[in-house]
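So the chains spell out like this:
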Amino acid sequence: MCISYGDNYLFKNDNKTLQYDYNNNSIFKNNTGEINQRRLPKAIIIGVKKCGTRALLKFISAHPDVVASMNEVHFFDQNYYRGLDWYRNQMPLSLSNQITMEKTPQYYIHNRSAYRMTQTFSNIKLKLIVIIRDPIIRAISDYVQLTTKRKSNLTFEDYVFIKNSTIINDKWIPLKIGCYYHYFTKWLKYYSFNQIHFVDGENLIKRPWEELLYVQKFLNLTIQIQQKHFYFNHYKRSFPCIRNQLYQTKNGCLGSSKGRKHPDIKQETRTILKNYYKTCNSRLKQIAQINFSWL
Ligand SMILES: Nc1ncnc2c1ncn2[C@@H]1O[C@H](COP(=O)(O)OS(=O)(=O)O)[C@@H](OP(=O)(O)O)[C@H]1O
């Protein structure tokens, strides 16, 4: 039987599924009689956009005790009015010992998402994961996505600087998002440090097994995803892919919209941006007690 909710957990729960209850499309029974149903997430990747959220979700959902919604659900930012049953129905089927996850990068910068999560998850201990990367590379990645979609010829500098100057256009959202500290303080109003885990998006590309080890520990999972499960694919411009031995998907690499080619950026632009992000980076480093090499 094939359940079409994203590839990673498709086969995982498939062989455990025996019976479909047509009166309630969210309940299945496996061959041991255990109820297999849709559950609210216990952990959410809340951001940050263009920092590797998709890769992180794909890799962690290779764990046998994790199931994930492969679509961005956008519940707390866009679909809140649809209610909790709608949200639960976006989740894949899971067993009681499995952790359900979703990722919606927009949550991190959205004004009301943190508060709404506290309203939704008041009686369970929600875990939040934030993946961040060098904000200059993040901005370039956002720029590449934007120009790909709009088929625009404007250069990165055209967006970054106010016309004919080297004054930063700090109203440009792709630049603002890179001040991770600014948004983080809003989350801290509602969540304690031990509920939030930061992933180094640069290291996720170079040594994904290290970041996955920390994530598995944070989620109190047995350590299943290890270095031997990753390989680097030169067709994917040396981005890591995950081997299919943990679960039976055909392709452990990300799709063509991930790992796009970035344009060369002038050294002068990099220097100006480095300076622009300096305070934000060092504040985040201090408050979140993280020591990523690029911070
Ligand atoms: N394994 C692997 N494969 C491909 N790409 C990888 C991987 N790990 C991290 N990345 C980086 O993830 C960037 C996209 O980030 P997101 O998935 O968060 O983007 S999005 O917000 O969901 O649009 C994407 O950005 P671009 O390089 O600009 O395409 C990648 O740099």
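These figures come from a predicted structure and were not determined experimentally.

### Side note on the environment of Val67
Tracing the chain through its elements places Val67 in strand S5 (residues 66-68). Considering only alpha carbons, one finds Val67 and Thr100, 33 residues apart in sequence, at a separation of 4.9 Å.

### Description of the packing of aromatic side chains
Enumeration over the complete set of coordinates arrives at 21 aromatic pairs. Ring plane angle 65 degrees and centroid distance 4.9 Å describe the contact between Tyr276 and Tyr277, whose orientation is recorded as edge-to-face. Looking at Tyr277, the relative accessible area reads 1%, which means it is buried. An aromatic cluster of three or more residues is present, and its members are Phe75, Phe76, Tyr80, Trp86, Tyr87, Tyr107 and Phe121. The ring of Phe218 carries Lys127 above its face, with NZ or CZ at 5.3 Å from the centroid.

### Quick look at the UniProt feature "binding site: 3'-phosphoadenylyl sulfate" (unreviewed entry) in the protein
As annotated by UniProt and renumbered to match this structure, "binding site: 3'-phosphoadenylyl sulfate" (unreviewed entry) occupies Lys50, Cys51, Gly52, Thr53, Arg54, Arg133, Ser141, Lys258, Gly259, Arg260, Lys261 and His262. Mapping Arg133 onto the fold places it in the loop between strand S8 (127-132) and helix H4 (135-150). In contact with Arg133, not counting residues within four places along its chain, are Lys50, Cys51, Arg138, Tyr180, Gly201, Glu202, Ile205 and Trp294. Within the secondary structure layout, Ser141 lies in helix H4. With relative accessibility at 9%, the residue Ser141 sits in the buried group. Leaving out residues up to four positions away in the same chain, Ser141 has contacts with Lys50 and His262.

### Section: the state of the cysteines
For the structure on display, the rule yields two disulfides. With its sulfur 1.8 Å from that of its partner, Cys179 forms a disulfide with Cys280. A torsion of -80 degrees about the S-S bond marks the disulfide between Cys179 and Cys280 as left-handed. Of this pair, Cys179 sits in the loop between helix H6 (173-176) and helix H7 (180-188) while Cys280 sits in helix H10 (residues 267-288), placing them 101 residues apart in sequence. Between the sulfur atoms of Cys241 and its disulfide mate Cys253 the distance is 2.1 Å. Disulfide Cys241 to Cys253: torsion about the S-S bond roughly 100 degrees, handedness right-handed. Taken together, the positions of Cys241 in strand S11 (residues 239-242) and Cys253 in the loop between S11 and H10 put the pair 12 residues apart, joining distant regions of the chain. Judged on exposure class, the residue Cys241 and its partner Cys253 are both buried. Indicated for the protein is the disulfide connectivity 1-4, 2-3, based on numbering the bonded cysteines in sequence order. Unpaired in this structure, Cys51 has its nearest cysteine sulfur neighbour in Cys179, at a distance of 13 Å. Here Cys51 falls in the buried class, since its relative accessible area comes to 2%.

### With respect to the packing of H4 against H10
Closest axis-to-axis distance for the H4/H10 pair is 9 Å, and the angle between their directions is 115 degrees. Counted together, Pro135, Ile136, Ala139 and Ile140 of H4 and Arg270, Leu273, Lys274, Tyr277 and Asn281 of H10 form the full contact between these two elements. Each residue belonging to the contact of H4 with H10 can be placed in one class, and the counts come to six nonpolar, one polar and two charged.

Rules used throughout
Residues numbered from 1 in each chain as written. Predicted model: local features only at pLDDT ≥ 70, side-chain atom pairs only at ≥ 80, totals over all residues. Heavy atoms only, no water. Helix = DSSP H or I, 4+ residues; strand = E, 2+ residues; numbered from the N terminus. Phe/Tyr/Trp six-rings, centres within 6.5 Å; stacked < 30°, edge-to-face > 60°. Buried < 20%, exposed > 50% of the residue type's maximum accessible area, 1.4 Å probe, protein only. Lys NZ or Arg CZ within 6 Å of the ring centre and 35° of its normal. UniProt positions renumbered as here; feature names shortened; annotations may be inferred. Contact = heavy atoms within 4.5 Å. Disulfide = S-S within 2.5 Å. Axes fitted to C-alpha atoms, helices over the stretch in contact; angles between N-to-C directions. Nonpolar A, V, L, I, M, F, W, Y, C, P; charged D, E, K, R; others polar.

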